[in-house]
Amino acid sequence: VIKRRRLQGVRPVRPPPNSWLVPAWCAWRRRRAGGRACRAWAPAGRRSAAAMKKSKVYTMSEPTRVMREHRDMVWSVASTTSSLYSGANDGTIIRWNFETGEKLAEVRPVKRPATALAIGTTMVIAAFEGEVIGIAKADGKERRIAKRQGDVVALSLHVDGAELYVGYSDGTIRLWTRDGLERTFEVHRDAVMCMCKEEHIMFTGGRDECVYRLNLKKGSTFKLYDGDKGPVRSVFKWRDDVFFTIGAVVRGQNPNTGIVRGVLEGHTEPIYAMTRDRGVLYTAGKDRYTFAWDLSHMVPLIKIDTGHTDVIKGVAVSPMGILYTASADSTLRQWDMRRAFDDRTTWIRTGTQRSRSKRSAILRLLSLRKRPAAASSPPRGNPRVGSSPDLDRRRERERERERER
């Protein structure tokens, strides 16, 4: 941490050895930093609530594009590096171009809601209530993978090569292969709503407000969390921690030691969807807002007022930084997060914080000034604000950079 802070140009100061002095030390560091957010040292690597409130959150509300091709509520989304798939309540599945947002193909295998989507190597797998169907990417041929079994509804999918894990509303997870049903795991007391897998360990969340760690080799389960704030609708593993939603917050916890790394608070209503792009986490839910979080420091970065008129059921992000939000108002909205992060950096440096480099601030001011006329003589005195070949070239480079921005 000290090395990273040194690379960022901030002089690291070690915290006091006693944990009861940490809040006063954090307040003193914030006063020295001029009210800016600083790294809050605390036991178990947590971040204090005061430091989280001091972080700068950039707000945006202008989408790049709005797609209205769906005729019913959008229930689920899934993405690859180049394509985006969305499933609606009427059973329609649309394939989109991830970068441009153009509609590429549309299929409708059955007239039932597409409750979950997953992307395999050669096909797109969709759960239509209790029935699971695979759709080939090349020619669009349909293949029935799992038949409907009574009133049980498939709510979550996870693809790992030739293996398909399906979470059902009766609390079981079933492993399907090309030969059929391979194995059944009894995990939750209620519906399984999300899954993520790492090697032979799977983390699951359900409607019973619990998070379990499932050993796929032994079939044993271990309860990581048991709460009372609402269903766990999303879960994923990042580095050594597991992140999952509890009502309107996201909780980060180490599955081996049980230490809570932090809690992300910002939403006012339950979170329905969550995705990750490297160290940035995107969450969306019933309040129709989308947040971008920094997982390294556990702070919010960007708040998006999506403009949806109904709850957001899914989010997806491409490796190039294009974000999509899918809502029950039957629309998808595209957001250019590359531009958003650039705007946030400019907003922080020019609007709320002092520039770290005085020279860069002077050059920025010089680039905005009008160049003197050719007939006029350069002002005397300070050579840095005069007219010289080196300074003219520097001004020209700054103008080109401003045009590119």
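Residue numbers here run from 1 along each chain, matching the order of that chain's written sequence. Since the coordinates come from a predicted model, pLDDT governs what is reported: local features require at least 70, and pairs of side-chain atoms require 80 or more to be given and counted, while whole-chain, interface and lining totals use all residues. The basis for every side-chain value is the complete set of non-hydrogen atoms in the structure, without hydrogens or water.

A. View of the sheet that holds strand β10 (residues 142-146). Pairing is antiparallel in the open sheet, where 4 strands are placed in the order β7-β8-β9-β10. Lying at the two open borders of the sheet, with one neighbouring strand each, are β7 (114-119) and β10. Taking the axes of each pair of neighbouring strands and ignoring which way they run, one obtains an average angle of 25 degrees across the sheet. Note on pairing: DSSP must find at least two bridges between two strands before they are called paired. In this description a helix means any DSSP run of H or I spanning at least four residues, a strand means any run of E spanning at least two, and both kinds are numbered starting from the N terminus. The pairing of strand β8 (residues 123-128) with strand β9 (residues 131-136) spans 6 bridges and is antiparallel. By the bridge assignment, Met-123 is partnered in β9 with Ala-136. Geometry is summarised by axes, namely lines fitted to C-alpha atoms with helices restricted to the contacting stretch, and by angles between N-to-C directions that run from 0 to 180 degrees.

B. Local environment of unusual backbone geometry. If you check the backbone angles, Met-298 has positive phi at about 60 degrees while not being a glycine. Looking at the element boundaries, Met-298 is found in the loop between β25 (289-294) and β26 (299-305). For Ser-330, which is not a glycine, the phi torsion comes out positive at approximately 70 degrees. Position of Ser-330 among the secondary structure elements: in the loop between β28 (322-327) and β29 (332-336).

C. Local environment of the sheet that holds β25. Pairing is mixed in the open sheet, where 5 strands are placed in the order β1-β26-β25-β24-β23. For this open sheet the edge positions go to β1 (58-60) and β23 (271-277), each flanked by a neighbour on one side alone. For this sheet, the mean angle separating the axes of adjacent strands, direction not counted, is 20 degrees. The sheet contact formed by β23 and strand β24 (residues 280-285) spans 6 bridges and is antiparallel.

D. View of the packing of aromatic side chains. Stacked, edge-to-face and tilted labels apply to pairs of Phe, Tyr and Trp rings (six-membered ring for Trp) whose centres lie within 6.5 Å, assigned for plane angles under 30 degrees, over 60, and everything in between, in that order. Tallied over the full model, the rule gives 5 aromatic pairs. Judged by centre distance (5.3 Å) and plane angle (45 degrees), the ring pair of Tyr-225 and Phe-244 falls under tilted. With Tyr-225 in strand β18 (residues 221-226) and Phe-244 in strand β20 (residues 241-246), this residue pair connects regions lying 19 residues apart in the sequence. Think of it in three bands: residues with accessible area under 20% of the maximum for their type are buried, residues over 50% are exposed, and the middle band is partly exposed, with areas taken using a 1.4 Å probe on protein chains only. A relative accessible area of 12% places Tyr-225 in the buried class. On the basis of relative accessible area, Phe-244 is assigned to the buried category, the value being 1%.

E. Quick look at the pattern of salt bridges. The rule for a salt bridge is simple: a side-chain nitrogen of Lys or Arg has to be within 4 Å of a carboxyl oxygen of Asp or Glu. Counting across every chain of the model gives 17 salt bridges. One salt bridge in this structure joins Lys-237 and Glu-198, with 3.3 Å as the shortest N-O distance. Of the two residues, Lys-237 sits in strand β19 (residues 235-238) while Glu-198 sits in strand β15 (residues 192-198), which places them 39 residues apart along the sequence. Here Asp-336 and Arg-338 are joined by a salt bridge, their closest N and O atoms 3.2 Å apart. Given a relative accessible area of 22%, Asp-336 falls into the partly exposed group. Of the residues examined, Arg-338 reaches a relative accessible area of 38% and is grouped as partly exposed. When salt bridges with common partners are traced through the structure, they connect Arg-71, Lys-103 and Glu-106 into a single cluster.

Remember that the coordinates give geometry; whether it matters functionally is a separate question.
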